[in-house]
Amino acid sequence: MGVRSLVGRVVVAAVLAAVLLVAATALAIWWTARQDSRPASDAIVVLGSAQYNGVPSSIFEARLEHALALHGAGVAPVIVTVGGKAAGDAFTEAEAGRDYLAQAGIPADALLAVPEGVDTLESMRVVSAAFSERGWSSAVLVTDPWHAMRAERMAEDAGIAAESSPTRQGPAVQTRVTQFRYIMRETAAYLLYRATGESVAGAPGIG
């Protein structure tokens with residue numbers, strides 16, 4: 001076998017391995033998105049998304065409404081909202097989410113806002129610190145379906161025993177085209193995180 005032939009086979013094998021890795025990751029994201037785990041936990045954690053002068057965006061509102069349903073079902077006694085704010089904003093995502101839930105009737109002692117985090121990784125780390133302060137260890141994560149697998153991984157890496165109960169409402173699940181786009185973006189973000197330990201800021205559910 002010539003050197004060129006050997007190199008060619010190695011290149012083909014590497015390309016096939018990369019394709020299989022991407023495909024397997026995308027399939028795992030799709031599978032996780034279809035699950036709905038809601039064990040009794042210390043807290044329900046709502047991953048932040050855009051807010052406009054204290055009013056949650058439609059994506060964020062869908063997550064908050066799902067958290068309300070989980071709290072009503074007795075999944076956890078506390079709902080944690082997490083997320084910082086962009087330059088010029090008057091409210092953090094965590095504060096906007098907390099206020100929305102308070103207006104929906106959740107008592108103040110059942111709410112905890114963690115007003116930090118510019119992406120999922122930072123959010124999970126600050127939530128983990130808040131959990132440690134209170135002696136909590138388990139959480140049900142509420143986010144969009146396609147974001148669930150990466151959010152679970154980051155939460156577990158931060159020391160939280162996490163499962164996810166994704167929302168089934170909102171713009172992220174409206175059409176198959178939207179779903180495919182989110183799965184592809186999440187596949188790239190998940191693989192980047194596993195390879196480098198870093199997160200990426202971007203569209204809702206991607207950072």
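In this text, all values refer to a predicted model and were calculated from it rather than measured experimentally.

Focus on the overall build of the protein
At step 1: Looking only at helices and strands, the protein features 6 helices and 7 strands.
At step 2: Going residue by residue from the N terminus, the α and β elements of the protein occur as α-β-β-β-α-β-α-β-α-β-α-β-α.
At step 3: Reported as C-alpha extents along the three principal axes, the dimensions of the protein are approximately 75 × 35 × 30 Å.
At step 4: Taking all 207 residues of the protein together, the buried fraction comes to 46%.
At step 5: Put simply, the protein shows about 10,100 Å² of open surface, and 57% of that area lies on carbon and sulfur atoms.

Topic: the layout of surface pockets
At step 1: In this model, the second largest pocket occupies a volume close to 220 Å³.
At step 2: Looking at the second largest pocket, it is lined by 11 residues, and the ones nearest its centre are Trp-30, Arg-34, Trp-146, Arg-176 and Gln-179.
At step 3: Secondary structure elements with two or more residues in the lining of the second largest pocket: helix H1 (3–33) and helix H6 (176–196).
At step 4: Partitioning the lining of the second largest pocket into residue classes produces 7 nonpolar, 1 polar and 3 charged.

Section: the sheet that holds strand S4 (residues 79–82)
At step 1: Pairing is parallel in the open sheet, where 5 strands are placed in the order S5-S4-S1-S6-S7. The open sheet is flanked by strand S5 (111–114) and strand S7 (161–164), the only strands paired with a single partner. Ignoring which end each strand starts from, the neighbouring axes of this sheet average 25 degrees apart.
At step 2: Pairing analysis gives 4 bridges linking strand S6 (residues 138–142) to S7, with the strands arranged parallel. Bridge pairing in S7 places Leu-141 opposite Ser-164.
At step 3: Against the sheet, helix H4 (residues 120–134) engages strand S1 (43–47), S4, S5 and S6, with an angle of about 155 degrees to S1.

Re the pattern of salt bridges
At step 1: For the coordinates displayed, the defined rule picks out 5 salt bridges.
At step 2: With a closest N to O distance of 2.9 Å, Asp-144 and Arg-63 form a salt bridge. On the criterion of sequence distance, the pair formed by Asp-144 in the loop between S6 and helix H5 (148–157) and Arg-63 in helix H2 (residues 58–72) is long-range, its members being 81 residues apart. Each member of the pair, Asp-144 as well as Arg-63, is classed as buried.
At step 3: Of the charged contacts, one joins Arg-150 and Glu-186 as a salt bridge, the two residues approaching to 2.9 Å between their closest N and O atoms. On the criterion of sequence distance, the pair formed by Arg-150 in helix H5 and Glu-186 in helix H6 is long-range, its members being 36 residues apart.

A few points about H5
At step 1: When you tally the buried positions in H5, you get 7 out of 10 residues, the bulk of the element.
At step 2: Looking only at H5, the buried set comprises Ala-148, Met-149, Arg-150, Ala-151, Glu-152, Met-154 and Ala-155.
At step 3: Where H5 ends, the next residue or the one after it, Gly-159, has phi of about 100 degrees, a positive value.

Details of the side chain of Thr-32
At step 1: Checked against the element boundaries, Thr-32 lands in helix H1.
At step 2: When residues no more than four places from it in sequence are discounted, the contact partners of Thr-32 are Ala-148, Met-149, Glu-152 and Ser-164.

Digging into the confidence of the model for the protein
At step 1: Model confidence for the protein is summarised by a mean pLDDT of 88, while 91% of its residues fall at 70 or above.
At step 2: Scored below 50 in pLDDT, residues 202–207 shows 22 contacts in the model against residues more than four places distant or in partner chains.

Details of unusual backbone geometry
At step 1: At Asn-53, a residue that is not glycine, the phi angle is positive and equals roughly 55 degrees.
At step 2: Among the secondary structure elements, Asn-53 is positioned in the loop between strand S2 (51–52) and strand S3 (55–56).
At step 3: The exposure class assigned to Asn-53 is exposed, which follows from its relative accessible area of 63%.

Brief notes about H6
At step 1: The terminal C-alpha atoms of H6 lie 30 Å apart, and with 21 residues this matches the ideal 30 Å at 1.5 Å per residue to within 8%.
At step 2: Thr-178, Tyr-182, Ile-183, Glu-186, Thr-187, Ala-189, Tyr-190 and Tyr-193 are the residues of H6 that are buried.
At step 3: Downstream of H6 by one or two residues, Gly-197 has phi in the positive range, about 75 degrees.

Procedures and definitions
- Residues numbered from 1 in each chain as written.
- Predicted model: local features only at pLDDT ≥ 70, side-chain atom pairs only at ≥ 80, totals over all residues.
- Heavy atoms only, no water.
- Helix = DSSP H or I, 4+ residues; strand = E, 2+ residues; numbered from the N terminus.
- Buried < 20%, exposed > 50% of the residue type's maximum accessible area, 1.4 Å probe, protein only.
- Areas by Shrake-Rupley, 256 points an atom, 1.4 Å probe, with all protein chains shown as cover.
- 1 Å grid on protein atoms, 1.4 Å probe; cavity = no way out; pocket = protein on both sides within 12 Å on 5 of 7 lines; lining within 4 Å.
- Points joined across faces, edges and corners; volume = space filled by probe spheres on them.
- Nonpolar A, V, L, I, M, F, W, Y, C, P; charged D, E, K, R; others polar.
- Pairing = 2+ DSSP bridges.
- Axes fitted to C-alpha atoms, helices over the stretch in contact; angles between N-to-C directions.
- Contact = heavy atoms within 4.5 Å.
- Salt bridge = Lys/Arg side-chain N within 4 Å of Asp/Glu carboxyl O.
- pLDDT = per-residue confidence, 0-100.
- Expected span 1.5 Å × (residues − 1).

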